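# Overview (structure and organization)
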Amino acid sequence: MSTEQSYEIGEYPDLAPPVTEVGIIGWIRHNLFSSTTNIVITVLTIYFLYVIIPPMLNWIFLDAVFVAESRDDCRAIAQAAGQELGACWAFIGKRFEIFVYGFYPVEERWRVDLSFIMMLAALVPVLFDHVPYRKQGLWFSLIAPVIIGWLLIGGMGLTPVPTDKFGGFMLTLTIGVTGIVGSLPIGIALALGRQSHMPALRMVCVAFIEFIRGVPLITLLFVASTMLNYFLPPGTTFDLLLRVLIMVTLFSSAYIAEVIRGGLQALPKGQIEAADSMGLKYWQSMRLIILPQALKISIPGIVNTFIGLYKDTTLVIIIGLFDPLGMGRASLADTKWQGLSTEIYVFVAIFFFVSCFSMARYSLYLEKKLHTGH
Amino acid sequence: MSSQPEAADLHVSDELVINIKDMHKWYGSFHVLKNVNLEVYRGERIVICGPSGSGKSTLIRCINRLEEHQQGQIIVDNVELTNDLKNIDAIRREVGMVFQHFNLFPHLTVLENCALAPIWVKQVPRKEAEATAMKYLTRVKIPEQAEKFPGQLSGGQQQRVAIARSLCMNPRIMLFDEPTSALDPEMIKEVLDVMIELAKEGMTMLCVTHEMGFAKTVANRVIFMDGGEIIEENNPHEFFDNPQHERTKLFLSQILAH
Ligand SMILES: Nc1ncnc2c1ncn2[C@@H]1O[C@H](COP(=O)(O)OP(=O)(O)OP(=O)(O)O)[C@@H](O)[C@H]1O
Ligand SMILES: [Mg+2]
């Protein structure tokens, strides 16, 4: 290729790239129309979106009815406006509170709200580095679970609320967040135990992990709801929700342990040797050198497990707890609103999607932040 | 076997810092080190060479207990290496090690790599540890890289950081396991220069290397190993010009051929 202009050797200036390589046009060329296959895929995708999106928008927004007293009411309103009937969101609107709070007593619901706000506040310093007062924030994060537990359950000055009143999204969050917060440290301990030089400790960890992984969560939940009564001394009452929390936490900690073990094995042996040669103690090496790297490698797997756990909380419906899905099914029994299951399931799906998608995005953010160029 | 070090060198004192007596080591049933006897005096610079698989790495890794020996004695700075964790800790604090593949901590900056062990092992205050780290980074001529991560440095720079990191613990003995063999030729010199500086300051050094130029100019003693045994040891002059053992001659002819 020849250029129109000639320069002295060694004097060639930096030129701007051709228009076809930069800007929107460049992007479209590179990403959507770079080859025949790519063009075909692009065209098919656009067609697919064209078929799917407009009817979906119609159903969700344009033809939807947001205020009504019953399903017939919905239908009447749609007819009066001359539309086809889309989603009857009025149903969700009427049931919203029970979706959020379950059977939590109305006059005590501020405690759930407050707990939710405290949970968010406690998460911020844990999830992000550059927030003001992070140190103090982390102390708050440490004690927040205790305060939240007290707020939700009551006692000591607050009206006690039995845990069978928990339900809806607050139940999902209670189980999901407890499981996530509890299973990470237990999972780390199990992963380290599995690599230990002490055969007894190693065997206990392996047995635990393999047992939990070999049994479906539902089975463990049934064990939690029924069989534990046989093992416990008669007369002891052991809260059902507490049992579920323990089971869910143990279940996901076994998976977390395996994910982290993968991370540990990916580290070169030289890392621990360097730490040893400098005289660091076992726990120091683990905390300062090995775990930060192993956990970083394991982030995608850990978050994957957390997302799985979060969605698995819907299984508690089987042992008679009412998560959003259970609430939805119960609401469907109402004759006034019969047949609106799509609305319910779409609503619950959106809730789960938002939670899980946030976790996925956070994991990407974290991976990027921890990348140090090796 | 081991004799008093050659008088050719002025720095060597008569203080015995490493004493290995009748030491054996096995990997499973594989007898990797056989009846090793070695005395190292303060200020000695010993180069260990030998064919691949002869047990050079294993020998120096036994000195700071990265590998365990099964028979015989290893005494470092008057502390015997046993299963007693206290002894192992004490010895590791005195002995620095530099690896072939640097083994820097990739998630920490260069400065954090250097300051980590002083802070956690010796309880040095962070400020002070970082100041010391900067001092040694300046000595290995890369103070300007302090805030970078190891992954952003060249191999030669990484190895110099690794040396600085060891020096931050203020060790009395330094072990080097082929510190330049993972480096491109143009980076070897910058690392060797740092090691020569160290030697001049009187650091006791045991160095596994195939850099014969380094051995000739810096070492006061060269040890040749083969098949897990120390075959021959001598001052570099005698070792290269007048090797005694057939195997040494063969090895030297091979290594000097290219
Ligand atoms: N962890 C181990 N388990 C079993 N055998 C090993 C182990 N490490 C090393 N060996 C064997 O012990 C012998 C000595 O190994 P060593 O690494 O000390 O050799 P070397 O002299 O350093 O060789 P090189 O010049 O290739 O680094 C080799 O035969 C090697 O295969
Ligand atoms: Mg080796």
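Note: the structure precedes this text.
In what follows, the accompanying structure is described. The model shown is predicted, which means the values in this text are computed figures rather than measured ones.

### Remarks on the overall build of chain A
- Along its length, chain A carries 14 helices and zero strands.
- Mapped in sequence order, the helices and strands of chain A form the string α-α-α-α-α-α-α-α-α-α-α-α-α-α.
- Its C-alpha radius of gyration of 27 Å places chain A more than 25% over the 21 Å reference for a compact globule of 374 residues.
- Taking the principal axes of its C-alpha atoms as reference, chain A extends roughly 90 × 75 × 45 Å.
- Across the 374 residues that make up chain A, the buried fraction comes to 39%.

### Side note on the sheet that holds strand S2 (residues 30-41) of chain B
Residues and elements named next belong to chain B.
- Pairing in this open sheet of four strands is antiparallel, and the strands run S2-S1-S4-S5 from one edge to the other. In this open sheet, the two strands that pair with only one neighbour each are S2 and strand S5 (79-80).
- Where strand S1 (residues 16-27) and strand S4 (residues 71-76) come together, five bridges link them in antiparallel fashion. Across the sheet, His24 pairs through a bridge with Gln71, a residue of S4.
- Against the sheet, helix H1 (residues 56-63) engages S1, S2 and S4, with an angle of about 125 degrees to S1.

### Structural notes on the packing of helix H11 (residues 269-277) of chain A against helix H12 (residues 282-312) of chain A
All names here are of chain A.
- Relative to each other, H11 and H12 sit at 165 degrees, their axes nearing to 10 Å. In terms of orientation, H11 and H12 fall into the roughly antiparallel class. Considering the relative orientation of H11 and H12, their crossing is right-handed. Taken together, the residues of H12 that come into contact with H11 (itself represented by Gln271, Ile272, Ala275 and Asp276) are Ser285, Met286, Ile289, Ile290 and Gln293.
- Class assignment for the residues of the contact of H11 with H12 results in five nonpolar, three polar and one charged.

### Quick look at the sheet that holds strand S6 (residues 95-98) of chain B
Residue and element names in this part refer to chain B.
- Spatial strand order, S6-S7-S8-S3-S9-S10: six strands in an open sheet with mixed pairing. In the strand order of this sheet, the two ends are held by S6 and strand S10 (229-234), each with one partner. Within this sheet the neighbouring strands show an average axis-to-axis angle of 20 degrees, counted without direction.
- In the sheet, strand S3 (residues 45-49) pairs with strand S8 (residues 204-208) via four bridges, with the strands oriented parallel. Bridge pairing links Ile46 to Leu206 in S8.
- Packing against the sheet, helix H5 (residues 155-167) makes contact with S6 and strand S7 (173-177), and its axis sits at approximately 170 degrees to S6.
- With respect to the sheet, helix H9 (residues 246-257) is in contact with S3, strand S9 (221-226) and S10, its orientation differing from that of S9 by roughly 100 degrees.

### Comments concerning the nonpolar core
- Counting 123 residues, the largest nonpolar core has B:Ile18, B:Ile20, B:Ile48 and B:Leu206 as its most contacted members.
- Per-element accounting of this core gives the leading share, 13 residues, to H12(A).
- Discounting chain neighbours no more than four positions away, the residues touching B:Leu206 are B:Ile18, B:Leu38, B:Val40, B:Ile46, B:Ile48, B:Ile60, B:Ile63, B:Met174, B:Leu175 and B:Phe176.

### Here we look at empty space enclosed by the protein
Residues and elements named next belong to chain B.
- The full count for this structure, using the stated rule, is two cavities of 30 Å³ or more.
- Its boundaries defined by the atoms lining it, the largest cavity holds a volume of some 50 Å³.
- Of all the secondary-structure elements, those providing two or more residues to the lining of the largest cavity are S6 and H5.
- Tallying contributions element by element places S6 first for the lining of the largest cavity, with three residues.
- Considering only enclosed or pocket space, the second largest cavity measures out at about 40 Å³ in volume.
- Around the second largest cavity, the lining residues are Arg45, Ile46, Val47, Met205, Cys207, Phe214, Val218 and Ala219.
- With three residues, the single largest contributor to the lining of the second largest cavity is S3.
- Per-class residue counts for the lining of the second largest cavity are seven nonpolar, no polar and one charged.

### Brief notes about the pairing of S2(B)
All names here are of chain B.
- Inspection of the sheet shows S1 paired to S2 by eight bridges, in the antiparallel sense. In the sheet register, Lys25 faces S2, and the bridge partner there is Leu33.
- Taking the residues between adjacent antiparallel strands as the criterion, S1 and S2 are bridged by two residues, where Gly28 takes a positive phi near 60 degrees.

### Here we look at the environment of A:Trp139
- Relative to the helices and strands, A:Trp139 is located in helix H6 (residues 134-153).
- As a C-alpha pair, A:Trp139 and A:Met170 span 31 residues in sequence and 24 Å in three-dimensional space.

### A look at the site of ligand 1
Residue and element names in this part refer to chain B.
- The environment of ligand 1 is formed by Tyr27, Phe30, Val32, Pro51, Ser52, Gly53, Ser54, Gly55, Lys56, Ser57, Thr58 and Glu178.
- Between Ser52 and ligand 1, the recorded distance is 2.6 Å, taken from a side-chain N or O atom to an oxygen atom.
- A distance of 2.8 Å is found between an oxygen atom of ligand 1 and a backbone nitrogen or oxygen belonging to Gly53.
- Considered on its own, ligand 1 offers 630 Å² of accessible surface; in the complex 60% of this is hidden by protein.
- When contributions to the shell around ligand 1 are tallied by element, the ones reaching two or more residues are S2 and H1.
- Looking at which element gives the most residues to the shell around ligand 1, the answer is H1, with three residues.
- Taken together, the residues of the shell around ligand 1 break down into four nonpolar, six polar and two charged.

### Considering the environment of B:Glu211
All names here are of chain B.
- Among the structural elements, Glu211 can be located in the loop between S8 and helix H7 (212-218).
- Through-space distance from the C-alpha of Glu211 to that of Gly55 is 18 Å; in sequence the pair is 156 residues apart.
- Here Glu211 is in contact with Thr180, Ile188 and Leu192, once residues within four sequence places are set aside.

Definitions and cut-offs
Residues numbered from 1 in each chain as written. Chains lettered and ligands numbered in written order. Predicted model: local features only at pLDDT ≥ 70, side-chain atom pairs only at ≥ 80, totals over all residues. Heavy atoms only, no water. Helix = DSSP H or I, 4+ residues; strand = E, 2+ residues; numbered from the N terminus. Rg over C-alpha atoms; globule rule 2.2 N^0.38 Å. Buried < 20%, exposed > 50% of the residue type's maximum accessible area, 1.4 Å probe, protein only. Pairing = 2+ DSSP bridges. Contact = heavy atoms within 4.5 Å. Axes fitted to C-alpha atoms, helices over the stretch in contact; angles between N-to-C directions. Parallel < 35°, antiparallel > 145°, perpendicular 65-115°, else oblique. Left-handed = near helix turned anticlockwise from the far one by under 90°. Nonpolar A, V, L, I, M, F, W, Y, C, P; charged D, E, K, R; others polar. Core = buried A, V, L, I, M, F, W, Y, C linked by side-chain atoms within 4.5 Å. 1 Å grid on protein atoms, 1.4 Å probe; cavity = no way out; pocket = protein on both sides within 12 Å on 5 of 7 lines; lining within 4 Å. Points joined across faces, edges and corners; volume = space filled by probe spheres on them. Near = heavy atom within 4 Å. Polar contact = N/O pair within 3.5 Å; in protein donor to acceptor, adjacent residues only side chain to side chain. Areas by Shrake-Rupley, 256 points an atom, 1.4 Å probe, with all protein chains shown as cover.

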